[in-house]
Amino acid sequence: MLVGNEGYEPPAFELLQTTELGSPQAVVSFSNLDTQYASDFTHLQLRMHSRTDGSNTEESLLITFNGDTANNYAWHFHFSNGTSQYGSNGVNQPGIYPFATLGGGATATHQAAHIIDILDAFSTNKFSTTRSFAGHNPDPHGTGNKVSIGHGVWKNSAAISSISLDSSAANWASGSRFSLYGRRA
Amino acid sequence: MSITAIQTVTVASGGVTEISFSSIPANYDQLEILASSRCTSTSSELVLTFNGQSSNWGTRHLGGSQTSVFTNNAYQPGRMYLGGIASSSYTANVFSSTDVLIRNYASSANKPVFSRNVSLNDSTNNVINFVSGLWSNSSTVTSIQLFFQAGTTFEVGSTFTLYGITAGSDGTTTVS
């Protein structure tokens, strides 16, 4: 630090990587996370605007860590469609389901939004846990609008080295954007 | 808008019954707490208060467990209820994920607080909590205390980070 200058304090919330698809793609991954970011960041956050090229209005997706696609995950979420609420959970799953994205049955310009926090992502003493907030509007008339809060766990205490976002039965559509942020502590 | 990490507390060997942030600077617009925590007991109802006070809290709670949803407003007025977190009955290494957003903390206005807290145990006791609270007090928030309603202990490795969030100003947007 030069005399007379204020010390530089890096922001505690920082964009690490962004992928915006120019063509359909089945899986979007962020890799080498522990080697690149564990020394500077404690928490991670995914922010997604997405849809798939599947034929349904809603399509599934799965989050996996470190290439593990065995049944080592659990998830639970609640959602509301404006008149009713529903809850669901899954155990011994091949990934975390953070609530639906949109598919080809939704209005073409619409995308689903997800914000997913992963606290203490590089801890080797805790199972990796996600906390997600998601919503989507399949059409301009409000039919099928849903909002959801959910969570998931990967029953493994390894530091997260990679995150894969699998569009399950379809491809992520062009224009889908996936951003990974880091949080300092 | 920018976010600054003010202080992090990691629970060390032996555990603690209270997490406290003190001497909080007044130069932010909002505060946020991110917590990855667990209780060493089955009595894991987490609560929060400001400046060590035990009055003037109002709380509204919306929760979900498995496929059921519940709401409860009948909490003690002396603190803000944040919901139950991962307890000693949960699978080992499972920690809850919580965030708490605090508005007006440096002003004389009442302090709205919002929290989201999730705990996932696998096949049972999976809980989601949305809680809205209001601290009706004109004092500036200079300290924050988190503890369990039953006085139980935080698990070793639980982490709590307090962030300060500045108000954004792009020089062109007009707010009226």
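Residues numbered from 1 in each chain as written. Chains lettered and ligands numbered in written order. Predicted model: local features only at pLDDT ≥ 70, side-chain atom pairs only at ≥ 80, totals over all residues. Heavy atoms only, no water.

Re the overall build of chain B
Inference 1: Regarding its fold elements, chain B presents zero helices and twelve strands.
Inference 2: Secondary structure of chain B in N-to-C order comes out as β-β-β-β-β-β-β-β-β-β-β-β.
Inference 3: The C-alpha atoms of chain B give a radius of gyration of 16 Å, which matches the 16 Å a tight globule of 176 residues would have.
Inference 4: Dimensions of chain B, computed from the C-alpha atoms along their principal axes, are close to 50 × 35 × 30 Å.
Inference 5: Of all 176 residues assigned to chain B, the portion counted as buried reaches 49%.
Inference 6: Long-range pairs, those at least 24 residues apart, make up 78% of the contacts in chain B with a sequence separation of at least 6.
Inference 7: For chain B, the exposed surface amounts to about 7,200 Å²; the carbon and sulfur share of it is 48%.
Inference 8: Side chains of chain B give 6 positive and 8 negative charges; the mean places of these two sets differ by 8 Å. (Helix = DSSP H or I, 4+ residues; strand = E, 2+ residues; numbered from the N terminus. Rg over C-alpha atoms; globule rule 2.2 N^0.38 Å. Buried < 20%, exposed > 50% of the residue type's maximum accessible area, 1.4 Å probe, protein only. Contact = heavy atoms within 4.5 Å. Areas by Shrake-Rupley, 256 points an atom, 1.4 Å probe, with all protein chains shown as cover. Lys, Arg positive; Asp, Glu negative; His and termini not counted. Charge placed at Lys NZ, Arg CZ, Asp CG, Glu CD.)

Notes on the packing of aromatic side chains
Inference 1: By the definition in use, this model includes 19 aromatic pairs over all chains.
Inference 2: When the ring of Tyr73 of chain A is compared with that of Trp154 of chain A, the centres are 6.3 Å apart and the planes differ by 20 degrees; the resulting orientation is stacked. Taken as a pair, Tyr73 of chain A in strand E6 (residues 73-80) and Trp154 of chain A in strand E11 (residues 146-154) lie far apart in primary sequence, 81 residues in all. Each member of the pair, Tyr73 of chain A together with Trp154 of chain A, is buried.
Inference 3: Ring pairs connect the aromatic residues Trp75, Phe77, Phe79, Tyr86, Tyr97 and Phe99 of chain A, which therefore count as one cluster.
Inference 4: Over the ring of Phe133 of chain A we find Arg116 of chain B; its NZ or CZ atom is 5.4 Å from the centre of that ring. (Phe/Tyr/Trp six-rings, centres within 6.5 Å; stacked < 30°, edge-to-face > 60°. Lys NZ or Arg CZ within 6 Å of the ring centre and 35° of its normal.)

Some thoughts on the sheet that holds strand E1 (residues 3-10) of chain B
Residues and elements named next belong to chain B.
Inference 1: Read across the sheet, eight strands follow the order E1-E12-E3-E8-E9-E10-E5-E6 without closing on themselves; strand pairing throughout is antiparallel. What marks the edges here is a single partner per strand, and that holds for E1 and strand E6 (68-72). Going from strand to strand, the sheet's axes swing by 15 degrees on average, the running direction of each strand aside.
Inference 2: Sheet analysis places strand E5 (residues 57-65) next to strand E10 (residues 127-135), joined by nine bridges and oriented antiparallel. The residue bridging Gly64 from the neighbouring strand is Ile128, located in E10. (Pairing = 2+ DSSP bridges. Axes fitted to C-alpha atoms, helices over the stretch in contact; angles between N-to-C directions.)

Some details on the side chain of Ser87 of chain B
All names here are of chain B.
Inference 1: As for its position among the elements, Ser87 is in the loop between strand E7 (80-84) and strand E8 (96-103).
Inference 2: Under the relative-accessibility criterion, Ser87 is labelled buried at 4%.
Inference 3: At a separation of 2.9 Å, a polar atom in the side chain of Ser87 contacts the side chain of Ser89.
Inference 4: Once residues lying within four places of it in the same chain are set aside, the contact partners of Ser87 are Arg38, Cys39, Ser41, Thr42 and Ser44. (Polar contact = N/O pair within 3.5 Å; in protein donor to acceptor, adjacent residues only side chain to side chain.)

Focus: the interface of chain A and chain B
One frequently used descriptor of interface size is the decrease in accessible area upon assembly of the parts.
Inference 1: Taken together, the contact pairs 35 residues of chain A with 37 residues of chain B.
Inference 2: The contact between chain A and chain B buries some 2,900 Å² in all, and 60% of this surface belongs to carbon and sulfur atoms.
Inference 3: Between chain A and chain B we count four salt bridges in total.
Inference 4: Between Asp99 of chain B and Arg131 of chain A there is a salt bridge, with the nearest N and O atoms lying 3.3 Å from each other.
Inference 5: Linking chain A to chain B there are 13 residue pairs in polar contact (both at pLDDT 80 or more).
Inference 6: Elements represented by at least two residues in the side of chain A that touches chain B include exactly E6, strand E7 (85-93), strand E9 (112-119), strand E10 (128-136) and E11 of chain A.
Inference 7: In terms of residue count, E7 of chain A provides more of the side of chain A that touches chain B than any other element does, six residues in total.
Inference 8: A breakdown of the residues in the side of chain A that touches chain B according to their chemical character gives 13 nonpolar, 14 polar and eight charged. (Buried area = accessible area lost by both parts, 1.4 Å probe. Salt bridge = Lys/Arg side-chain N within 4 Å of Asp/Glu carboxyl O. Nonpolar A, V, L, I, M, F, W, Y, C, P; charged D, E, K, R; others polar.)

Comments concerning the confidence of the model for chain B
All names here are of chain B.
Inference 1: The pLDDT averaged across chain B works out to 92; a share of 97% of its residues lies at or above 70.
Inference 2: Confidence scores differ between elements of chain B, with E6 showing the lowest mean pLDDT of 84 and strand E2 (residues 18-21) the highest of 98.
Inference 3: This complex was scored by the predictor with a pTM of 0.93 and an ipTM of 0.90. (pLDDT = per-residue confidence, 0-100.)

Here we look at the sheet that holds strand E12 (residues 163-166) of chain A
Residue and element names in this part refer to chain A.
Inference 1: Taking strand neighbours across the sheet as the criterion, the three strands line up as E2-E12-E5 in an open arrangement whose pairing is antiparallel. Two strands lie at the open edges of the sheet, namely strand E2 (27-30) and strand E5 (62-65), each paired on one side alone. Strand-to-strand, the axes of this sheet are offset by a mean angle of 20 degrees, without reference to chain direction.
Inference 2: Sheet analysis places E5 next to E12, joined by four bridges and oriented antiparallel. When the sheet's bridge partners are listed, Leu62 is paired in E12 with Asp166.

Some remarks on the nonpolar core
Inference 1: By size, the foremost hydrophobic cluster in this structure holds 35 residues, and its most contacted members are Leu33, Leu44, Phe65, Ile163 and Leu165 of chain A.
Inference 2: Residue assignment for this core shows that the elements contributing at least two residues are E2, helix H1 (33-37), strand E3 (43-50), E5, E6, E9, E12 and strand E13 (177-183) of chain A.
Inference 3: Broken down by element, this core gets its largest block of residues, four residues, from E6 of chain A.
Inference 4: Ignoring sequence-local partners within four residues, the contact set of Leu165 of chain A consists of Ala26, Val27, Val28, Phe30, Leu46, Met48, Leu62, Ile63, Trp172 and Phe178 of chain A.
Inference 5: The next biggest cluster of nonpolar side chains, apart from the first, holds 29 residues, and it includes Ile19, Leu82, Val113 and Leu162 of chain B. (Core = buried A, V, L, I, M, F, W, Y, C linked by side-chain atoms within 4.5 Å.)

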